[in-house]
Structures are given as C-alpha cells and as structure tokens.
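# Observations on chain architecture
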Amino acid sequence: MIDMDVLADSVTGDPRPDFYYTSTAQQTEFKCSACNSYNDIRGKYGYCSSCGWRNSAEQQRVALEQIRSKLKSGDVSASVAVKQVVSEFDAAARDYVNQLISHVPMKESRVKQLEKILFHNIDNFEELLSKFFDISLLKGMAADRSFVNKMFCRRHVYEHDGGVATTRYVEKSGDTDIVEGDLIRETVNNAHKLIGCLNRMIATFETDFQEMFPPEEFCIEVEKERRERIGQRNA
Ligand SMILES: [Zn+2]
C-alpha cells in the first residue's frame, strides 16, 4: 500500500500539485443549495459536481449566519462583525468575478479592470458589473444604498483607523451624526441589517451568474420532486 503522507512529504517545494494533497477529506464539504448533492472540494468555493451550481453565495450565507449567532450571544462585537461580514462578501463576490474572467471571453483591458474591482466601494463595483455584464448587486435596494455605503466606510475605519472617524470617512460615508475624530460606536442592529443587505446582494450575483451559466436542470428537478414527496409525506 502506498502511504500518501510519506509520498507527499518526500516532494519538496511549494505549492504541491493537487495530486499530493494528503488529507482524506478535502477542505470544504457542502450540500449543494440547488440540487442537495454532497460535495467535497479543495478550497472554499466550487461548482457542485452534479448540477454545476456555484456555492459561493451559499458559503457566504452560512458564514454570515454563524456571525449572526455570535452577535446574538455576544461572542463578537458589532464592529468586528461588520469587518467579518464585509470580508466574507468581498471574497464571495470576488469569486464570481474570477469565474467570469475565466469563462467569459473578454479583452485584456477588461480583465485588468475586473482584477482591480473593489467590493468595499459601491460606486466602483456597480459601475463595472453593470457596464460589463448588466449585473447590479443593488437591484431593488435603492433605499439601502446609502446604508450599505456607510457600513463599507465604517469597515475601513474599523480596519485601518482603530474606529476613529477620519476626514475621508466624514466625506464619503454620508454619516451626518459623526464628526472627524469621533470614536464610532457600532450597533448590533446595524450589523444585523448589514448581514441582510449583503445576503441579498450576493443572492442577486448568484442568480445573475447562474443565468449566464445554467445548472444541469435534471439534478434540480430530481431534488424538487424529492422535496415534494417529503412534503406530501409530512402533510
Ligand atoms: Zn448541485
């Protein structure tokens, strides 16, 4: 029998090719949110091996629900939660963008702009995504736009300025309750509201992305029928 650990340890230099990945399970196990198939992937984001649905939005929803419970139990402060949820959104949204770069033929100049897209900056990502793909993550959320912008600006302050409002914050956030030099006291309510907004935004990305890359309908139909059967049984 070949001992894969010994084999992999004998390979020097990083990164190791996928073949040498030694763990028995991969790094992320997930049930597909579209067809309920079990998947086991390296990394965090991937396609369902049955239907082709990308799991990035679902990964965000799971992560944000965990942060929401920690907020409720008081295990995480509101300002830390804001940093964490924006980071999850940034990573999931960027994953969809990386997939678009890989699978949609486009000019090099467009690739360059997409590689530099900023998911902490509403004006930046709304302009690029709508211009290139007719995708607006804030579709139907006009009333929340200024709130989301304010929270993105706050994330920057929590991350880089120790929570003390800078001139930049006062100019960009539209937050009239805060003046330069104030220590921003984040509220749990804001953090919860932000979670709702970010989940809605990533759901829009998910829907629009899968419209461009439709999943295998057969698997989703089978799952739909399964759910209906269970529903009837429990009725
Ligand atoms: Zn699936």
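Our subject is the structure that appears above.
The text that follows walks through the structure, step by step, so that each part is easy to find. If you're wondering where the values come from, they're calculated on a predicted model, not measured in any experiment. (Residues numbered from 1 in each chain as written. Predicted model: local features only at pLDDT ≥ 70, side-chain atom pairs only at ≥ 80, totals over all residues. Heavy atoms only, no water.)

### Quick notes on helix H9 (residues 217-234)
Selection criterion: Think of it this way: any DSSP run of H or I at least four residues long counts as a helix, any run of E at least two long counts as a strand, and we number them from the N terminus. To estimate how far a helix should extend, the number of its residues minus one is multiplied by 1.5 Å. Each residue is assigned to one of three classes by its accessible area relative to the maximum for its type, calculated with a 1.4 Å probe on protein chains only: buried under 20%, partly exposed between the two thresholds, exposed over 50%. It is the directions from the helix axis to the C-beta atoms whose arc is reported.
An ideal rise of 1.5 Å per residue puts 26 Å on 18 residues; H9 measures up with 26 Å between its terminal C-alpha atoms. Along H9, the residues that are buried comprise Cys219, Ile220 and Glu223. Mapping the buried residues of H9 onto a view down its axis gives an arc of 95°, with all of them on the same face. Relative to its buried face, H9 has exposed residues pointing more than 90 degrees away, namely Phe218, Gln232 and Arg233.

### Examining the pattern of salt bridges
Rule in force here: Note on definitions: salt bridges are taken to be side-chain nitrogens of Lys or Arg within 4 Å of carboxyl oxygens of Asp or Glu.
Throughout the structure, instances matching the rule amount to 15 salt bridges. A salt bridge links Arg145 to Asp123; the shortest N-O distance between them is 2.8 Å. Of the two residues, Arg145 is situated in helix H6 (residues 145-160) and Asp123 in helix H5 (residues 122-133); the sequence distance between them amounts to 22 residues. A salt bridge links Lys139 to Asp208; the shortest N-O distance between them is 3.7 Å. Note that Lys139 is positioned in the loop between H5 and H6 and Asp208 in helix H8 (residues 188-212), a separation of 69 residues in sequence. Owing to a relative accessible area of 49%, Lys139 belongs among the partly exposed residues under this scheme. Put simply, Glu58, Arg61 and Glu206 are held in one network by salt bridges that share partners.

### Looking at the nonpolar core
Filter applied, for reference: In plain words, nonpolar cores are sets of buried Ala, Val, Leu, Ile, Met, Phe, Trp, Tyr and Cys residues tied together by side-chain atoms within 4.5 Å. By the convention used here, residues are in contact when the closest approach between their heavy atoms is within 4.5 Å.
One finds Phe89, Phe119, Met201 and Phe205 to be the most contacted residues of the largest nonpolar core, which totals 53 residues. Elements supplying a minimum of two residues to this core: helix H2 (56-73), helix H3 (78-103), helix H4 (108-115), H5, H6 and H8. With residues near it in sequence (within four places) discarded, Phe205 still touches Ala93, Tyr96, Val97, Leu100, Phe119, Leu129, Ile135 and Leu137.

### Quick notes on the coordination of the zinc ion
Under the convention used in this document: Water is not among the atoms examined, so metal sites may look incomplete; donors are the N, O and S atoms within 2.8 Å of the metal, or within 3.2 Å for Na, K and Ca. A site with four donors is called tetrahedral when every donor-metal-donor angle falls between 85 and 135 degrees; four donors are called square planar, and six octahedral, when opposite donors sit more than 155 degrees apart and all other angles fall between 65 and 115; any other arrangement is irregular.
Protein coordination at the zinc ion: the donors are Cys32 (SG), Cys35 (SG), Cys48 (SG) and Cys51 (SG), at 2.3 to 2.4 Å from the metal. Because the angles between the four donor atoms bound to the zinc ion fall within 104 to 115°, the donor set is best described as tetrahedral. Every donor residue of the zinc ion comes from the same chain, spaced as C-x2-C-x12-C-x2-C. Remark: Cys51 occurs in the loop between strand S2 (38-41) and H2 and Cys32 occurs in the loop between strand S1 (28-31) and S2; sequence separation between them is 19 residues. Take Cys51: its relative accessible area is 4%, and that puts it in the buried class.

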